[in-house]
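Below, each chain spelled out in residue letters.
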Amino acid sequence: MLESTSEGCMDISPNGREGFLRNQNGNSDIELHMTPPLRFSWVTPSICRSAYPTLPNFAFLATLGLKTIVSLTPEPPSADLERFCAVIGANSLHIPVENPSSQYQMTAGIADTVLQVSCSYPC
């Protein structure tokens, strides 16, 4: 997978977990180790999803030009995630849900809220 950014290109290794940023000249001596959040994938060309991002994921996420980060968690987003959103100029939206797990089933109401939010923010 290769994602273009304004700074250069994001190369993702075949397992999709590690990458680095190259400058526009392809100069690999400027490398920034980046780790996508667990379960990161693109849903549409303008919407991606993942497990809850943490500090090691922020460098990767900063290359994506995110406009909004929606947190589907029982508790509000961490202070680190809120600061990250402020730094990159992204909206942070929290939608409270029961304790999510690999077995979590999203309700129709939560899905409707997420879709409404996704459609209300510019891509």
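Here the structure is shown first, and the text comes after it.
Please read these numbers as outputs of a predicted model, since none were measured by experiment. (Residues numbered from 1 in each chain as written. Predicted model: local features only at pLDDT ≥ 70, side-chain atom pairs only at ≥ 80, totals over all residues. Heavy atoms only, no water.)

Undergrad: So what exactly am I meant to see when it comes to the overall build of the protein chain here?
TA: On a plain count of helices and strands, the protein chain comes out with three helices and eight strands. Helices and strands in the protein chain line up, N terminus first, as β-β-β-β-β-β-α-β-α-β-α. A total of 123 residues make up the protein chain; the buried ones form 27% of that total. Intrachain contacts of the protein chain at a sequence separation of at least 6 include 29% that bridge at least 24 residues. Of the roughly 7,900 Å² of accessible surface on the protein chain, a fraction of 55% belongs to carbon and sulfur atoms. (Helix = DSSP H or I, 4+ residues; strand = E, 2+ residues; numbered from the N terminus. Buried < 20%, exposed > 50% of the residue type's maximum accessible area, 1.4 Å probe, protein only. Contact = heavy atoms within 4.5 Å. Areas by Shrake-Rupley, 256 points an atom, 1.4 Å probe, with all protein chains shown as cover.)

Undergrad: I'm lost on unusual backbone geometry in this one. Help?
TA: Of note in the backbone geometry, Arg 39 takes a positive phi value of approximately 60° without being a glycine. Take Arg 39: it is sitting in the loop between strand 4 (33-34) and strand 5 (41-44).

Undergrad: Where do I start with the pairing of strand 8 (residues 91-96) in this structure?
TA: Where strand 7 (residues 68-73) meets strand 8, six bridges bridge the pair, whose relative direction is parallel. By the bridge assignment, Thr 68 is partnered in strand 8 with Asn 91. In terms of handedness, the path from strand 7 via helix 2 (residues 79-88) over to strand 8 forms a crossover that is right-handed. (Pairing = 2+ DSSP bridges. Right-handed = clockwise from strand over helix to strand, strands pointing away.)

Undergrad: In this structure, what is going on with the nonpolar core? I would like to understand it.
TA: Within soluble globular proteins, side chains that are nonpolar generally end up buried alongside one another. Of all hydrophobic cores here, the largest spans 12 residues; its members are Met 34, Phe 40, Phe 58, Phe 60, Leu 61, Leu 64, Leu 66, Ile 69, Leu 81, Phe 84, Cys 85 and Ala 90. Within the residue set of this core, elements represented by two or more residues are helix 1 (58-62) and helix 2. Among residues more than four places away in sequence, those in contact with Ala 90 are Leu 66, Lys 67, Thr 68 and Cys 85. (Core = buried A, V, L, I, M, F, W, Y, C linked by side-chain atoms within 4.5 Å.)

Undergrad: Sorry, what's going on with the environment of His 33 here?
TA: Here His 33 shows up in strand 4. A residue is classified by how much of its surface remains accessible, and His 33, at 53% relative accessible area, is exposed. With 24 residues separating them in the primary sequence, His 33 and Asn 57 have C-alpha atoms 9.8 Å apart.

Undergrad: Which parts of the structure should I look at to understand the packing of aromatic side chains?
TA: Each aromatic ring pair is specified by the distance between its two centres and by the angle formed by the two planes. Applying the stated criterion across every chain yields a total of three aromatic pairs. Their ring planes at 80° and their centres at 5.8 Å tell us that Phe 40 and Trp 42 sit as a pair that is edge-to-face. Among the residues examined, Phe 40 registers a relative accessible area of 17% and is labelled buried. By relative accessible area, Trp 42 is classed as partly exposed at 27%. Ring centres of Phe 40 and Phe 60 lie 5.0 Å apart, and the angle between their planes is 85°; on these two criteria the pair is classed as edge-to-face. (Phe/Tyr/Trp six-rings, centres within 6.5 Å; stacked < 30°, edge-to-face > 60°.)

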